[in-house]
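Here are the chains, one letter per residue:
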Amino acid sequence: MSSMNNVVGPRIKSYIKNQGISVSHLSEKTGISLQALRRILNGKSKLCAEVYFLLCQELDLPLDYFMDSNQES
């Protein structure tokens, strides 16, 4: 599971950076604390299904978007 966190968190981080979305804005919109979100995006914290769902929902992306290794992020 930790290998998934090490990949998915940084993919989300790259995506939001490319989209011009700030970490603080995403934190505000999802209700995930800024500190927790930064740890997730850096692959240093466990990414549970509920948090992953919130992120995908806020970013309007399918749930498998960041897990597909062929997906551009």
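Asker: I would appreciate a short explanation of the environment of Tyr 65 in the present structure.
Answerer: Checked against the element boundaries, Tyr 65 lands in the segment after helix H4 (49-59). The exposure class of Tyr 65 is buried, given its relative accessible area of 14%. It is 9.4 Å that separates the C-alpha atoms of Tyr 65 and Ile 12, two residues lying 53 residues apart in sequence.

Asker: Would you take a moment to explain the packing of helix H2 (residues 23-30) against helix H3 (residues 34-41) for this structure?
Answerer: Packed helix pairs are specified by the crossing angle of their axes together with the interaxial distance, meaning the distance between the axes. Between H2 and H3, the least distance of the axes is 9 Å, while the angle of their chain directions is 115°. You can see that H2 and H3 cross each other, and the crossing is right-handed. The residues of H3 that touch H2, namely those facing Val 23, Ser 24, Leu 26 and Ser 27, are Leu 34, Leu 37, Arg 38 and Leu 41. Along the lines of polarity and charge, the residues of the contact of H2 with H3 split into 5 nonpolar, 2 polar and 1 charged.

Asker: Looking at this model, I keep getting lost on the side chain of Thr 30. Mind explaining?
Answerer: Mapped onto the fold, Thr 30 is located in helix H2. Other than its neighbours up to four places away in sequence, Thr 30 contacts Leu 54, Leu 55 and Glu 58.

The rules behind the values
- Residues numbered from 1 in each chain as written.
- Predicted model: local features only at pLDDT ≥ 70, side-chain atom pairs only at ≥ 80, totals over all residues.
- Heavy atoms only, no water.
- Helix = DSSP H or I, 4+ residues; strand = E, 2+ residues; numbered from the N terminus.
- Buried < 20%, exposed > 50% of the residue type's maximum accessible area, 1.4 Å probe, protein only.
- Axes fitted to C-alpha atoms, helices over the stretch in contact; angles between N-to-C directions.
- Left-handed = near helix turned anticlockwise from the far one by under 90°.
- Contact = heavy atoms within 4.5 Å.
- Nonpolar A, V, L, I, M, F, W, Y, C, P; charged D, E, K, R; others polar.

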